[in-house]
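Observations on chain architecture
Residue-level listing of the chains:
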Amino acid sequence: MVSSIDSSVGTERKVVTELPGPKSRALHERRQAAVSAGLTTGFPIYIERAHGAILQDVDGNQILDLGSGIAVVSIGHAVPELIDAVSTQVAAFTHTCFMVTPYQGYVEVCEELNALTPGTHAKTSALFNSGSEAVENAVKIARLATGRQAIVVFDHAYHGRTNLTMALTAKNMPYKDRFGPFAPEIYRVPMSYPFLDGRTGAEAAALAIQEIETQVGAHNVAALLIEPVQGEGGFVVPAEGFLPALSQWTTKHGVVFIADEIQSGFCRTGDWFAVNHEGVIPDIVTTAKGLAGGMPLAGVTGRAELMNAVHEGGLGGTYGGNPVATAAALATIKTMRERNLLQRARELGDVITASLRALQEDVAIIGDVRGRGAMIAMELVMPGTKLPNAAAAKAIVQYCNQQGVIALSCGTAGNVIRLLPPLVITDEQLADGLGVLADATRAAS
Ligand code: PLZ
């Protein structure tokens, strides 16, 4: 099999041209003529190959990846087990459409999802292509199963860019602006955001619940949809007790609790799912990103009585659960187990948190350091306040890029730097990346 990896990609960050280099700049020019201007790219270096936590661009620069393609390649780039599984599957068959003729890989991924997601109750799953599509389907299922329409979402939420998921997403620019009209029956309530609201989990939950009950009515609510650690919205970790209180409320009122674990799931936070940190058992879990190591695959997993309430033929799609993507997912899950990436994510989190906390002592622009496992962020503020400092975030990302490090920003105000390294990043690579990030932060403050 093809298990040989491309050994030409080094293991160290190495910048050999100005960034972007001449070949990347030439490709970028071609791109301007060919690709819609609606797609922008933070760091337009064109990638040729990758390995582990290093991306190699067309000019021969070796770039340290602290973003994993937005939490996707958690097992690292070019993992031999994944290459083998995908290559074998490509040679066997690439597509049948699961609704026409099925195959084993689809069933096996559903079995894994049913077993890995929290709770020992009977579950079934359905597979799709993208996170947005998974969220859309979770909402469809919850509405059908409950016979209700209202969907409750939170401030700072991100759930996708399709029409329904734009409505579920909080931030207008760039996701929603002038793309409406949006889907009705979506209600947004306050998120627990300890750094900014200072509320305990119980207080924040009481506030959210009060708004739902007075403005929507519990009996109208089909589902409450929440990211247990918010991703694009700023790596917001709700105060302890917030998620359990909401979960209890949904159970009491027959509301479907949907955990969107698309960014936080699959080892990222040091557990299979972020809800596990507080023992919350969702009715439905949506997954994507880290699930398939870079192949497009998403899942909806939930209580069998909800998932199976759907009429025959009510769920589907041409490519959902594509055989190559399901082979990638099975190899990814196996790799996560064999390399004990849950444990590694916790170790990375400890190192990153300690480094950022030390930096916070030195500079006045870091207001908060937060996150779980290998999903850690710093919120940048105007010194002495909690007011957002988006300019600093932008400057830090640019500085990192110039030094050959991919760092991502997020946050409703664009003032959060988030770290999502591949979980196979070495200690040396991480120390190198954190050093560059510290230099960048000092330069910006
Ligand atoms: N739910 C929690 O994080 C995707 C978006 C990048 P798709 N986040 C990255 C961008 O700017 O488009 C995401 C997420 C959560 C849903 C989604 C949507 O997943 O696979 O991008 O559709």
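Let me begin by describing the structure that accompanies this report. (Residues numbered from 1 in each chain as written. Predicted model: local features only at pLDDT ≥ 70, side-chain atom pairs only at ≥ 80, totals over all residues. Heavy atoms only, no water.)

**Topic: the environment of alanine 167**
We apply this condition: Numbering of helices and strands starts at the N terminus; helices are DSSP runs of H or I of at least 4 residues and strands are runs of E of at least 2. Residue contacts are counted whenever heavy atoms from the two residues lie within 4.5 Å of one another.
Mapping alanine 167 onto the fold places it in helix α6 (residues 163-168). Setting aside residues no more than four positions away along its own chain, alanine 167 makes contact with Lys176, Phe182, Ala183, Ile186 and Arg188.

**Observations concerning the nonpolar core**
The condition that has to hold: Nine residue types can take part in a nonpolar core, namely buried Ala, Val, Leu, Ile, Met, Phe, Trp, Tyr and Cys, and a core is a set of them joined through side-chain atoms within 4.5 Å. Exposure categories follow from relative accessible area, calculated using a 1.4 Å probe and restricted to protein chains: below 20% of the type maximum is buried, above 50% is exposed, and the middle band is partly exposed. These domain limits were set by an automatic method or by a database of domain assignments.
Ranked by size, the top nonpolar core spans 118 residues in total, and within it Phe154, Leu224 and Leu246 carry the most contacts. Formed jointly, this core draws a minimum of three residues from each of two domains, domain 1 (2-78 + 340-444) and domain 2 (83-338). Those residues within four positions of phenylalanine 154 in sequence are excluded, and the remaining contacts are Ala170, Arg188, Val189, Pro190, Met191, Ala208, Leu224, Leu225, Ile226, Gln230, Phe242 and Leu246. Of all hydrophobic cores here, the second largest spans 18 residues; its members include Leu19, Ala50, Val237 and Leu420.

**Some details on the state of the cysteines**
Spelled out, the test is: When the sulfur atoms of two cysteines come within 2.5 Å, that pair is taken as a disulfide.
Inspection of the entire model under this criterion finds zero disulfides. Of the cysteine sulfurs around cysteine 410, a residue in no disulfide, the closest is that of cysteine 400, at 14 Å.

**Quick look at the site of the ligand**
Selection criterion: Near residues are defined by distance, with any heavy atom within 4 Å of the molecule or strand qualifying the residue. Two N or O atoms count as a polar contact when they lie within 3.5 Å, although within protein this holds only if one can serve as hydrogen donor and the other as acceptor, and sequence-adjacent residues are included solely when both atoms are side-chain atoms. Accessible areas in this description were obtained via Shrake-Rupley with a 1.4 Å probe; residue shielding takes into account the shown protein chains only. Under the grouping applied here, Gly and all other residues not named as nonpolar or charged are polar, the nonpolar ones being Ala, Val, Leu, Ile, Met, Phe, Trp, Tyr, Cys and Pro and the charged ones Asp, Glu, Lys and Arg.
In the neighbourhood of the ligand, 15 residues make up the surrounding shell, with Gly131, Ser132, Arg161, Asp260 and Gln263 lying closest. At 2.8 Å, a backbone N or O of glycine 131 approaches an oxygen atom of the ligand. Between aspartate 260 and the ligand, the recorded distance is 2.7 Å, taken from a side-chain N or O atom to a nitrogen atom. Bound to the protein, the ligand loses 82% of the 520 Å² it would expose on its own. In terms of residue class, the shell around the ligand is made up of four nonpolar, six polar and five charged.

**Here we look at the packing of aromatic side chains**
Threshold: Two aromatic rings, drawn from Phe, Tyr or Trp (for Trp, its six-membered ring), form a pair once their centres lie within 6.5 Å of each other, and the interplanar angle then sorts them: stacked below 30 degrees, edge-to-face above 60, tilted otherwise. Sitting over a ring, as applied to charges here, requires NZ of Lys or CZ of Arg to be within 6 Å of the ring centre and within 35 degrees of the ring normal.
On inspection of all chains with the given rule, the structure shows eight aromatic pairs. Plain terms: the ring middles of phenylalanine 154 and phenylalanine 242 are 6.0 Å apart, the flat faces sit at 75 degrees to each other, and that makes the pair edge-to-face. Remark: phenylalanine 242 occurs in helix α9 (residues 242-253) and phenylalanine 154 occurs in strand β5 (residues 150-154); sequence separation between them is 88 residues. Using a relative accessible area of 0% as the deciding quantity, one classes phenylalanine 154 as buried. With a centroid separation of 5.8 Å and an interplanar angle of 85 degrees, the aromatic rings of phenylalanine 266 and tryptophan 272 are classed as edge-to-face. One exposure class covers both phenylalanine 266 and tryptophan 272, and it is buried. Across from the ring centre of phenylalanine 182, 5.4 Å away, lies the NZ or CZ of lysine 176, which sits over that ring. The ring of phenylalanine 195 has lysine 386 lying over it, and the distance from NZ or CZ to the ring centre is 4.7 Å.

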